[in-house]
Amino acid sequence: MPGVTILLKGTTMGVSTDPEGNFVIQAAPEDVLKISFIGYLSEQIPVGNKTRFDITIQPDIATLSEVVVIGYGESKRKDVTGSISSVSGAEIRKTNPVTFDQALQGKVAGMVVQQVSGQPGGGVSVQIRGISSFGSGGPLYVIDGVILGGASSMGAGTNPLAAINPSEIESVDVLKDASATAIYGSQATNGVVIITTKRGAVTPPRISYDFYTGFQQLPKRIPTMNLREYATFINERNAGLGWGFDTRPEFANPQYLGEGTNWQKVLFKNAPMTNHTVTINGGDVKTQYLLSGSYFKQEGIATGSDFRRISVRLNLDNKTTNWLKIGTSLQLANIRENVNATSSNVINSALSQTPDIAVKNSDGSWGGAYNPNGWVNSTINPLAVATINKDQANRNQLFGNAYAEIAFSKSLTLRNEVTGSFSMGTEDRFNPSYTMGLVKNNSNSASYNYNQSIYTTVRNYLTYSHTFNDRYNANVMVGHEAQLSKGENVGASRNNFPSNNVQVINSGDPTSATNSGSKSQNAQESYFGRLNLGLFDKYLITGNVRADGSSRFAAGNRWVTTYSGAVAWKLHNEDFFKNFKDINELKLRVGYGLTNNQNVRDFAYTSTLATVATGLSGISQLTENIGNPYVEWEKTKYTNIGLDAALLSWRLNFSVDFYDRKTDGLLMQIPLPFYSGTAVGWSPGALDAPYVNVGTISNKGFDFKISSTNIQGKELTWKTDLTVSRNVNKVLKLNTDGASLVGWPYSQTIVGNSIGQFYGYKADGVFAKKEDFETHALPTKNGVPLPVGAAGGSIWYGDLKFKDINGDGVIDERDQTYLGSPIPKFQFGLNNSISYKKFDLNVFLTGNYGNKVFNQMRMNGEYPGTSFGYLKALNNYAKTALIDPEKPATDINNVYVVNPDTDIPGIRNDNTNGNTRASDKYVEDGSFIRFKTISLGYTLPDKLLEKAHIHALRVYVNVSNAFLITKYKGMDPEIGSWNPLNAGYDSGFYPQPRVFTVGASLQLTK
């Protein structure tokens, strides 16, 4: 057993056991060894003349319980009244994640984790128990007491949490319900993720080294036409109705052509990755320390993307006197990212480019479009822009916490903390001039942006904890916290550089120079308190209250109170449960609370000014946005009921929670009528729309986790963990009756539905026979049904049919309906860990069920009139034939579709029918099962390692994202978004790679 403390009784001399449970200590025969470990009974063993001891410590059934981190303190899990899930650092590291949030997927019931981008170090969207805001509000992240606020996220798809090295994490605790989160106040309405890093221990210096290396590959390619198929299709299309002007002599004999260029093979590659982490930790009973350094580098599977992180961590704890303990946690990280693949949208370009375009010409220049016809869209060379464009993001982040804890007595302590999250980032972009066939960029350009944010916190809290007569225990905590957030950015750009080789910003044309900049600031002050009562080790009572004041609101609405209460009943400790020997623990929990959210811009209650140029070569200040002095906090009422149980001598454990969250006064910028002169988002010349409280939203559901020890033997152990989550999201109210929030481009949010549902028509096959035109509703123009015919401006064979939803006999905008939600109905995670002798095997699966994905790549790729993105499915376009070859092809009575079951429109140079309109044809089932991790390890025998002076060594092989089971036709169905109103769109999403790694964990000293 690792981490057991062995002290010489009556002294401060001591050590801790190593991972194998071994220890070495210098002791005299008259000394006594004092052995202690959390959750186990202490032992005292005289040394005597012995030099070797085989020691077994017994569990303390009264105290055996996992310790979890809660707000401003810790608690034994058996005494927790709220809903808290925990993941160990060892579990996180099994997937070799780039960022720790990626590894939480499927590990925490009730938490939805989705990749916003699969690029190296890419962003991750995290939702805990549903979406309760129209903004991009995720959970609150706290690492060693440092609140991560306002991290500089420079560049497309980057992750502000990427500075945290997963190798340094000891545990992650996720606080889910109001009873657990209310103590953090307004910041925690969407849950809290508390990261605790490794610290020093009472042990001689220990040196450990963790290493892995491997490569990544694209798991799946989308089927696109090769050159022969493309040439055949172009020839067939040119023979279709309304065509005949697209004759291409080079395609006269497609059978003699080769494969052409497969742009996915060109853009995507096998990419290396490597990680090195060195850690030194140790200490005595007075001072414990940990020093860690890490280097991680990952190239992206798509050209134009990579990620590098260098981080250093120092954790110190010192027992200065009997009444004073001080310490610090410091982490410094530097991250450099190439995000050009995302910002230049090269995956979309690779799926849009045609196979007749060469990667490079015979003279070494970049290949490009050569068709001079103006109606043919010229797509850029994706490999070229991935290579020659520059978009480098660089940031430095510092997380720091310094504390002093004063013990006035054994029961009363005062903890004082100063924390800071500091982030400085730059983004350096350059777009060169180039010629790629007919695609030209005659003017090069560059931009450089600097962004910094500082988030500081000062907190002081007093804790009284005491047990009375071994029957009652009380823990009372009161505190004060002040937070200040500052941010600033500055940017510059120039055009017309004399050369593409010199890309420094001041080398551009001075007359084209532009600049911009801004500063922001907000503050919050808080008073908080918590009461925990335990009676007879049967009944638990928890109460939290917190008052927050925020500078983002007007004086009359500035302060708000967050509160929660919870009770728990340990049924297993009741007398009537004593006969149930197989039930080791059974605890019922009930909680209720009110949390608040301030998801608005700084100074949302008032208007701000912007400086603009005037026509008289001067400047003027104009109102930049519309303030709303009446805007208030979002308020979420939260009810939770849960049951925790342990059965069969702790071999079977489960926890289930049912919850009901109702959020009132939803905050968002409201789109006003166009005549108001306002806009949401970037709109030159318009005022920013005001923030208002617009409605109510509900989240109801359950989360469930069960853990079992299936086999527990001397040599063979098999353990299983299963998590299942269900959330039902529903909008209950908006600001006006019949209101809808329109997302981009095909989403709507209305009362009665979940947030951000896809909106459009329902496809109903193709017009395949004459009777279809007589029995099926036809589209209209200006209220008049469109004519049927082969000429332009009419409906014809092979056009898509759309369902007449309202039954009025015509197809118009009133036949649009809701096509599904990007929010999963269920999520699950299944983990199996097996160990046999020195071998260990871990297999971890995750899955989503019931979510939809809008595959935008199919809108062009499956339309016969397209000039880019020719998918293989297009070969199944609606093909027409003549009943009587002697009669004209324009006679409605003489034509039919030979493949009537297709959903691909036919060839005709006309789209009066709107065949590419948003419809369920492009809304696909995004359900999936992903084999997230398959890992096999072997721990080398001690006798073998002793010869090399190595204490412990484990080697392993690992496959991440090994398999994916899904019906989705795109590369990856797991598509996250930070904006719930516009979620679930695949327009060339950067997929998660399949990763193969080999690694080793080495400990040089005991």
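Everything numeric in this text was worked out from a predicted model, so none of it was measured. One numbering rule holds for all chains: residues counted from 1, following each sequence as written. Given that this is a predicted model, residues contribute local features only at a pLDDT of at least 70 and side-chain atom pairs are listed and counted only at 80 or more, while totals for whole chains, interfaces and linings are drawn from all residues. Note that water and hydrogens are dropped before the side-chain values are worked out from all heavy atoms of the structure.

## Some words on the overall build of the protein chain
Helix and strand assignments follow DSSP, with helices taken as H or I runs no shorter than four residues and strands as E runs no shorter than two, numbered in order from the N terminus. A tally of helices and strands in the protein chain yields 10 helices and 57 strands. Dimensions along the principal axes, computed over C-alpha positions, put the protein chain at roughly 115 × 70 × 70 Å. Classification of residues uses two cut-offs on accessible area relative to the type maximum, computed with a 1.4 Å probe and protein chains only: under 20% is buried, over 50% is exposed, and between them is partly exposed. Counting across all 1006 residues of the protein chain, residues that qualify as buried make up 50%. Long-range contacts, defined as pairs at least 24 residues apart, comprise 70% of the intrachain contacts of the protein chain with a sequence gap of at least 6. Note on areas: these come from Shrake-Rupley sampling with a 1.4 Å probe, and a residue is covered only by the protein chains present in the view. Of the accessible surface of the protein chain, which amounts to about 43700 Å², a share of 56% is contributed by carbon and sulfur atoms. Under the convention used here, Asp and Glu are negative, Lys and Arg are positive, and both His and the chain ends fall outside the count. Throughout, a charge is located at the NZ atom of Lys, the CZ atom of Arg, the CG atom of Asp or the CD atom of Glu. Here the protein chain holds 92 positive side-chain charges and 85 negative ones, and the gap between their average locations is 5 Å. Contacts: residue pairs with any heavy atoms within 4.5 Å of one another.

## Thoughts on the pairing of strand β12 (residues 169-175)
Across the seven residues of β12, six count as buried, placing the element largely inside the fold. As defined by bridge partners, strand β7 (residues 84-88) adjoins β12 across five bridges and the pair is classed as antiparallel. Of the residues in β12, the one forming a bridge with Val87 is Val172. Summarising the sheet, β12 and strand β13 (residues 192-197) pair through six bridges and their orientation is antiparallel. Within β13, the residue paired with Asp173 across the bridge is Ile194. The pairing criterion is simple: DSSP has to find at least two bridges between the two strands.

## Comments concerning unusual backbone geometry
Both trends apply: most residues other than glycine have a negative phi, and most peptide bonds are in trans. Despite not being glycine, Arg129 has its phi angle at roughly 55°, a positive value. As for its position among the elements, Arg129 is in the loop between β9 (124-128) and β10 (140-143). Taking the relative accessible area as the measure of exposure, Arg129 reaches 1% and is therefore buried. Positioned with a positive phi, Leu648 is a non-glycine residue whose angle comes to about 55°. The topology assignment puts Leu648 in the loop between β31 (634-647) and β32 (652-664).

## Points about the sheet that holds strand β43 (residues 778-781)
Taken in spatial order, the three strands line up as β44-β43-β46 in an open sheet, and their pairing is mixed. Two strands in the sheet have a free side with no partner beyond their single neighbour: β44 (784-785) and β46 (810-811). Pairing of β43 with β46, which is carried by two bridges, proceeds in the parallel orientation. Along β46, the bridge assignment pairs Pro779 with Ile811.

## Digging into empty space enclosed by the protein
With a 1 Å grid laid over protein atoms only, a set of points is called a cavity when a 1.4 Å probe fits there but cannot get out and a pocket when it is open yet has protein on both sides within 12 Å along at least five of seven lines; lining residues have an atom within 4 Å of a point. Grid points are joined across faces, edges and corners, and a volume is the space filled by probe spheres set on the points. Evaluation of the coordinates by the stated rule reveals 12 cavities of 30 Å³ or more. Size it by volume and the largest cavity reaches roughly 280 Å³. Considering the residues around the largest cavity, the lining is formed by 21 residues, among which Val98, Gln102, Asn961, Gln992 and Val995 are closest to the centre. Split by residue class, the lining of the largest cavity holds seven nonpolar, 13 polar and one charged. Throughout, the ten residues Ala, Val, Leu, Ile, Met, Phe, Trp, Tyr, Cys and Pro are labelled nonpolar, Asp, Glu, Lys and Arg are labelled charged, and all others, Gly among them, are labelled polar.

## What to know about the environment of Asn842
Mapped onto the fold, Asn842 is located in strand β49 (residues 839-849). It is 8.7 Å that separates the C-alpha atoms of Asn842 and Gly937, two residues lying 95 residues apart in sequence. Among all residues touching Asn842, those that are not within four sequence positions of it are Lys94, Asn831, Asn832, Ser833, Thr933, Ile934 and Ser935.

## Quick look at the sheet that holds strand β2 (residues 14-16)
Spatial ordering of the open sheet is given by β2-β1-β3-β4, a layout of four strands whose pairing is antiparallel. The open sheet has two edge strands with one neighbour each: β2 and β4 (43-46). Strand-to-strand twist of the sheet, defined as the mean angle between neighbouring strand axes without regard to direction, takes the value 20°. Where strand β1 (residues 5-8) lies against strand β3 (residues 32-36), four bridges are found, and the strand directions are antiparallel. Within β3, the position partnered with Leu7 by the bridge is Lys34. For helices, the fitted line uses only the C-alpha atoms of the stretch in contact; every axis is such a line through C-alpha atoms, and the angle between N-to-C directions lies from 0 to 180 degrees.

## Considerations on the pattern of salt bridges
By definition here, a salt bridge exists when the distance from a side-chain nitrogen of Lys or Arg to a carboxyl oxygen of Asp or Glu is within 4 Å. One pass over the structure, following the stated rule, counts 46 salt bridges. Between Asp54 and Arg52 there is a salt bridge, and its shortest N-O distance comes to 3.8 Å. For the pair shown, Asp54 and Arg52 are each scored as exposed. For Arg908, the salt bridge identified is with Asp910, shortest N-O distance 3.5 Å. For Arg908, a relative accessible area of 7% translates into the label buried.

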